[in-house]
Amino acid sequence: MVQTSPAGVRSDAPTPENNPPEAAPATFSIKSVSKVFATKTQRTEALQDINLDISEGETVSLIGRSGCGKSTLLRIMAGLLPPTEGNVYVSGKPLWKGHAVESGVLEQLGVVFQEPHLFPWFDITDNIALPLKLRGVGKAERRRRATELADLVGLGDFLKSYPRELSGGMRQRVAIARALSRDPELLLMDEPFGALDALTREKMNLELQRITLATEATVVFVTHDISEAVFIGDRVVQLTPRPGRIQSIVEVGLDRPRPLDVQATEAFGSTVRDLRHALESEES
Amino acid sequence: MSSSRLGRLLPWVGAPLLIVVLCTIWEVSVRAFDVSTLILPPPSLIAERLGELVQDPEVWSHAWITASEIIMGFLLAVVLGVLVGVVLGKVAWLEMTVRPIIVLLQVVPKVAFVPLFVIWFGFGMSSKVIIAAMLAFFPIMLNVLLGVKSIDPGHRDVMTALNAGKMQRFTNLDFRSVMPYLLAGMETGIVFAVIGAIVGEYLGGNEGLGYMVVRTLNQLDAPGLFGVVVLLAVLGLVLYGAVFILKRFLIPWHESVYAQQGNVA
Ligand SMILES: Nc1ncnc2c1ncn2[C@@H]1O[C@H](COP(=O)(O)OP(=O)(O)OP(=O)(O)O)[C@@H](O)[C@H]1O
Ligand SMILES: [Mg+2]
């Protein structure tokens, strides 16, 4: 049921709190989801008839121009924004009941927002362990997990620091650690590595891959970077703007785990090229 | 390094030094121009009178009365300010309904109502407590209202995505993000409460330091008047200091506190 990875991403001493009765690895199913934003001045059709099935343990990259509805789709999947039409099914269960969320489903979810949204009154330890605190996990266990996760994202020396003392990229890494703290079966990440330098970004890509393979998590990963999308994803979904629609879905025919030098292979290169062409052809 | 240390010492060394210099100038010029002590007593005379005052148990009982009025009024204002501020912050239609009234009450000089409160609540302590509370209420309530409305939607999203309960939201988010606003309101509020209690004492009753100001005035005891004002200043300073320390203790993470602790060069 639980795989313990080298860095102990899964806690190896299961307690009732931090390992809730584990459902079978989760799937996502997006069925005819549309979203319309209506403000006084404007009516934006942010998403139109999105259909997508994501199987368990799969990682899907989501790419598309700025403003094409990636964050909107992710927020609908995270239970933060009700769709105008359609619904999202998590392991077969509907997430939305009208404007209300089936809250039990949220327990399986980990979300990394486009901005870190750390709590300035908590130090890094407490920020990372907040999800565990809300679940009633004890202080000692929380500290242990936070230390583990901070090491994982390379912030082991900053456990006692406050968010204001960290750089933008460091804050985003804290947010990633926070999202991982509940060992989510479903991970929704909105440009999680956007604020990182190229080298840290590559390292985080490898870590993410390792973690999601170890935990068999199902992942939706939003990015602007085509080669990052290809490196991370089993499939790459491309959205077009206004209205946001799925333009293409590309299978990345490369086995995971992928080493960094997979990027030098012809298969990788041609997938990136295809996607770039698809994005460019959008301009017409 | 040394320049930042100097910067931290400056308020503690420089300000008292400046006061000493100013008092010396004051003393010398009053003597030189032979100013009547009825108009401007020299600092030495005030100090002497102050020495007598602090040894007088009657003065202490007056000071204690004023302090109690301020503290009770202030606490009343905190309780009511938080209650009203939170309710108005959460119930949008109510806030929109009362907003014009709040603006109106804000521009009205509230001290103008003080005589009315004396008529309604008598010459005893209760009228002063209520006046202090009324003055301190507005900054506290308005800050809490602003605080409740300023809770970051991103933080709310984090709590929603984590399936947090109502109580968990309150203790981990709402309470903590309103805290800096409440304390800012309290900093202004305590100063207003001091003003309220003293103005109340000016106008009615026969107890408290405000009453002593009036009494020394009627006795044409200018050095005594200055002495009581010094006592009032000390009282105000102590109360303000208490709120300030509370702030350091409750929101050490906040910018307003963080920078003062020498964390930023
Ligand atoms: N709360 C809102 N009210 C009105 N319109 C909105 C709102 N949120 C998003 N939109 C609109 O929906 C569209 C999609 O926005 P979204 O944030 O999903 O884009 P995105 O693909 O995440 O862009 P980026 O890559 O820049 O983050 C945009 O045109 C935006 O103007
Ligand atoms: Mg976005």
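Chain B goes by ABC transporter permease in an unreviewed UniProt entry, where it is assigned to Citricoccus zhacaiensis. Entered under Sequence similarities (unreviewed entry) in the UniProt record, the comment concerning chain B runs "Belongs to the binding-protein-dependent transport system permease family." As its UniProt record puts it under Subcellular location (unreviewed entry), chain B is described as follows: "Cell membrane".

The name recorded for chain A in an unreviewed UniProt entry is ABC transporter ATP-binding protein, from Citricoccus zhacaiensis.

Residue and element names in this part refer to chain B. Entries for chain B in the domain assignment read domain 1 (1-34) and domain 2 (38-260). Each of domain 1 and domain 2 was reduced to a C-alpha centroid, and the two centroids are 30 Å apart. Facing five residues of domain 1, the contacting portion of domain 2 comprises seven residues. Among the residues of domain 1 in contact with domain 2, Trp26, Glu27 and Val30 are the three that bury the most area, contributing 86% of the side total. Joining domain 1 to domain 2, the criterion identifies zero salt bridges. Put simply, domain 1 and domain 2 have three residue pairs in polar contact (both at pLDDT 80 or more) between them. Of the residues in the side of domain 1 that touches domain 2, the class split is three nonpolar, no polar and two charged.

So, on to the UniProt feature "domain: ABC transmembrane type-1" (unreviewed entry) in chain B. Sequence positions flagged by UniProt for "domain: ABC transmembrane type-1" (unreviewed entry) are, in local numbering, residues 63-247 of chain B. As annotated, residues 63-247 of chain B comprises 86% helix and 0% strand, and the C-alpha atoms at either end are separated by 25 Å.

For the rest of this paragraph, the subject is the site of ligand 1. All names here are of chain A. Close contacts around ligand 1 come from 15 residues, with Ser66, Gly67, Lys70, Ser71 and Thr72 the closest. Taking Gly69, its main chain carries an N or O atom lying 3.0 Å from an oxygen atom of ligand 1. Contacts to ligand 1 include Gln114, whose side-chain N or O atom sits 2.9 Å from an oxygen atom. Look at ligand 1: alone it shows 640 Å² of surface, and the protein chains cover 67% of it. Mapped onto the shell around ligand 1, the elements with two or more residues apiece are β2 (43-54) and α1 (70-77). In terms of residue count, the dominant contributor to the shell around ligand 1 is α1 (three residues). A per-class count over the shell around ligand 1 returns three nonpolar, eight polar and four charged.

Moving on: the UniProt feature "transmembrane region" (unreviewed entry) in chain B. Residues and elements named next belong to chain B. UniProt marks residues 12-33, 70-89, 101-123, 129-148, 178-204 and 224-246 with the feature "transmembrane region" (unreviewed entry), using the numbering shown here. Annotated as residues 178-204, this span is 96% helix and 0% strand, and its ends, taken at the C-alpha atoms, are 37 Å apart. With 100% helix and 0% strand, the stretch residues 224-246 has end C-alpha atoms that lie 33 Å from each other.

At the junction of the two partners, chain A supplies 23 residues and chain B supplies 20 residues. Buried area between chain A and chain B, both sides added, is near 2,100 Å², and the carbon and sulfur share of it is 64%. When the buried area of chain A at its contact with chain B is split by residue, Trp121, Leu134 and Arg164 of chain A rank highest and sum to 35% of it. For the salt bridge of Asp157 of chain B with Arg75 of chain A, the shortest nitrogen-to-oxygen distance reads 2.7 Å. If you look at where chain A meets chain B, you find eight residue pairs in polar contact (both at pLDDT 80 or more). Elements that contribute at least two residues to the side of chain A that touches chain B include exactly α2 (103-106) and α3 (124-134) of chain A. Top element by residues in the side of chain A that touches chain B is α3 of chain A. It accounts for four residues. Residue classes in the side of chain A that touches chain B are distributed as 13 nonpolar, three polar and seven charged.

Further remarks concern the coordination of the magnesium ion (ligand 2). The textbook angles at a metal center are 109.5 degrees for a tetrahedron of four donors and 90 or 180 degrees for an octahedron of six. Residues and elements named next belong to chain A. Coordination of the magnesium ion (ligand 2) by the protein is provided by Ser71 (OG) and Gln114 (OE1), with metal-donor distances spanning 1.9 to 2.3 Å. Separated by 43 residues along the polypeptide, Ser71 in helix α1 and Gln114 in the loop between β8 (109-112) and α3 bring together distant segments of the chain. On the basis of relative accessible area, Ser71 is assigned to the partly exposed category, the value being 22%. The partly exposed category is assigned to Gln114, whose relative accessible area is 37%.

With that settled, consider the nonpolar core. Soluble globular proteins tend to bury their nonpolar side chains together. Among the nonpolar cores identified, the biggest contains 87 residues, and Phe28, Met77 and Leu188 of chain A together with Phe74 and Ile140 of chain B are the most heavily contacted of them. With 11 residues, the top contributor of residues to this core is helix α8 (residues 166-203) of chain B. Not counting residues up to four positions away in its chain, the partners in contact with Met77 of chain A are Phe28, Ile30, Ile54, Val88, Leu95, Leu109, Leu188 and Val220 of chain A. The next biggest cluster of nonpolar side chains, apart from the first, holds 45 residues, and it includes Ala150, Met170, Met189 and Leu196 of chain A.

Parameters at a glance
- Residues numbered from 1 in each chain as written.
- Chains lettered and ligands numbered in written order.
- Predicted model: local features only at pLDDT ≥ 70, side-chain atom pairs only at ≥ 80, totals over all residues.
- Heavy atoms only, no water.
- UniProt positions renumbered as here; feature names shortened; annotations may be inferred.
- Domains from an automatic or database assignment.
- Contact = heavy atoms within 4.5 Å.
- Buried area = accessible area lost by both parts, 1.4 Å probe.
- Salt bridge = Lys/Arg side-chain N within 4 Å of Asp/Glu carboxyl O.
- Polar contact = N/O pair within 3.5 Å; in protein donor to acceptor, adjacent residues only side chain to side chain.
- Nonpolar A, V, L, I, M, F, W, Y, C, P; charged D, E, K, R; others polar.
- Helix = DSSP H or I, 4+ residues; strand = E, 2+ residues; numbered from the N terminus.
- Near = heavy atom within 4 Å.
- Areas by Shrake-Rupley, 256 points an atom, 1.4 Å probe, with all protein chains shown as cover.
- Donors = N, O, S within 2.8 Å, 3.2 Å for Na, K, Ca; no water.
- Buried < 20%, exposed > 50% of the residue type's maximum accessible area, 1.4 Å probe, protein only.
- Core = buried A, V, L, I, M, F, W, Y, C linked by side-chain atoms within 4.5 Å.

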